[in-house]
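Now for the letters of each chain:
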Amino acid sequence: MPFITWDDCYSVHIPEMDEEHKIIIKIINQLDDVIKDGKDQYVIGDIINQLIEYTITHFSNEEKLMAGFGFPELEKHKRIHSSLCEQARIFLNEYNSGKSISAEKLMKFLWEWLLDHIMGDDKKYGQFYTKINTKNQETQEVLIK
Ligand SMILES: [Fe+2]
Ligand SMILES: [Fe+2]
């Protein structure tokens, strides 16, 4: 059974971002699988690296998108992304230094690190985007009439 199954409640209602969030969930599930299979620390470390790399790309795509539709809380969101990257770097360093980190602690960290962010902060730009899109549609409908 996957650690996380995509659910519509995770949706930010912007298809490109939902697709990227689904990829993040897929990598977290892969990580959960290799941990359950008892794979060694290098395999696990490699997937954590992939997850962090992909997430950094995702953060940058998200920031470009938010800037594109004039999200007023962009700077705040960027600061949250930087702090999440910093936390991941610290976590990865600890992991690479051979410090023993339980699988439970790792998955709890990822849950808080990413899913709480998607469900909380990311939803805010999603709601803003939906609101301005609905307004634009209403304006167009008035113009057509
Ligand atoms: Fe995101
Ligand atoms: Fe974000």
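The present account deals with the structure reproduced in this document. (Residues numbered from 1 in each chain as written. Chains lettered and ligands numbered in written order. Predicted model: local features only at pLDDT ≥ 70, side-chain atom pairs only at ≥ 80, totals over all residues. Heavy atoms only, no water.)

**Description of the packing of helix 1 (residues 15-36) against helix 4 (residues 103-144)**
When two helices pack together, their arrangement is given by the angle between their axes and by how far apart the axes lie. Two numbers describe how helix 1 lies on helix 4: the axes approach to 11 Å, and their chain directions differ by 170 degrees. Here helix 1 lies roughly antiparallel to helix 4, going by the angle between them. Facing helix 1, whose interface residues are Met 17, His 21, Ile 24, Ile 25, Ile 28, Leu 31, Asp 32 and Ile 35, helix 4 presents Ala 103, Leu 106, Met 107, Leu 110, Leu 114, Leu 115, Ile 118, Asp 122 and Tyr 125. Here the residues of the contact of helix 1 with helix 4 sort into 14 nonpolar, one polar and two charged. (Axes fitted to C-alpha atoms, helices over the stretch in contact; angles between N-to-C directions. Helix = DSSP H or I, 4+ residues; strand = E, 2+ residues; numbered from the N terminus. Parallel < 35°, antiparallel > 145°, perpendicular 65-115°, else oblique. Contact = heavy atoms within 4.5 Å. Nonpolar A, V, L, I, M, F, W, Y, C, P; charged D, E, K, R; others polar.)

**Topic: the coordination of the iron ion (ligand 2)**
Distances from the iron ion (ligand 2) to its protein donors, namely Glu 62 (OE), His 77 (NE2), His 81 (NE2), His 117 (NE2) and Asp 122 (OD), fall within the range 2.0 to 2.3 Å. Mapping the donors of the iron ion (ligand 2) onto the primary sequence yields the spacing E-x14-H-x3-H-x35-H-x4-D. A spacing of 3.6 Å is found between the iron ion (ligand 2) and the iron ion (ligand 1), which share Glu 62 as a donor. Of this pair, His 77 sits in helix 3 (residues 74-96) while His 117 sits in helix 4, and the two are 40 residues apart along the sequence. Here His 77 and His 117 have matching classes, each one buried. (Donors = N, O, S within 2.8 Å, 3.2 Å for Na, K, Ca; no water. Buried < 20%, exposed > 50% of the residue type's maximum accessible area, 1.4 Å probe, protein only.)

**A closer look at the packing of aromatic side chains**
Taken as a whole and assessed by the stated rule, the structure comprises eight aromatic pairs. Seen from their ring centres, Phe 3 and Trp 111 are 5.9 Å apart, and the 90 degrees between their planes marks the pair as edge-to-face. Linking Phe 3 in the segment before helix 1 with Trp 111 in helix 4, this pair joins segments that are 108 residues apart in sequence. Here Phe 91 and Phe 109 contribute two aromatic rings whose centre-to-centre distance is 4.2 Å and whose plane-to-plane angle is 5 degrees, an arrangement assigned as stacked. With a gap of 18 residues between them, Phe 91 in helix 3 and Phe 109 in helix 4 connect regions that are remote in the sequence. (Phe/Tyr/Trp six-rings, centres within 6.5 Å; stacked < 30°, edge-to-face > 60°.)

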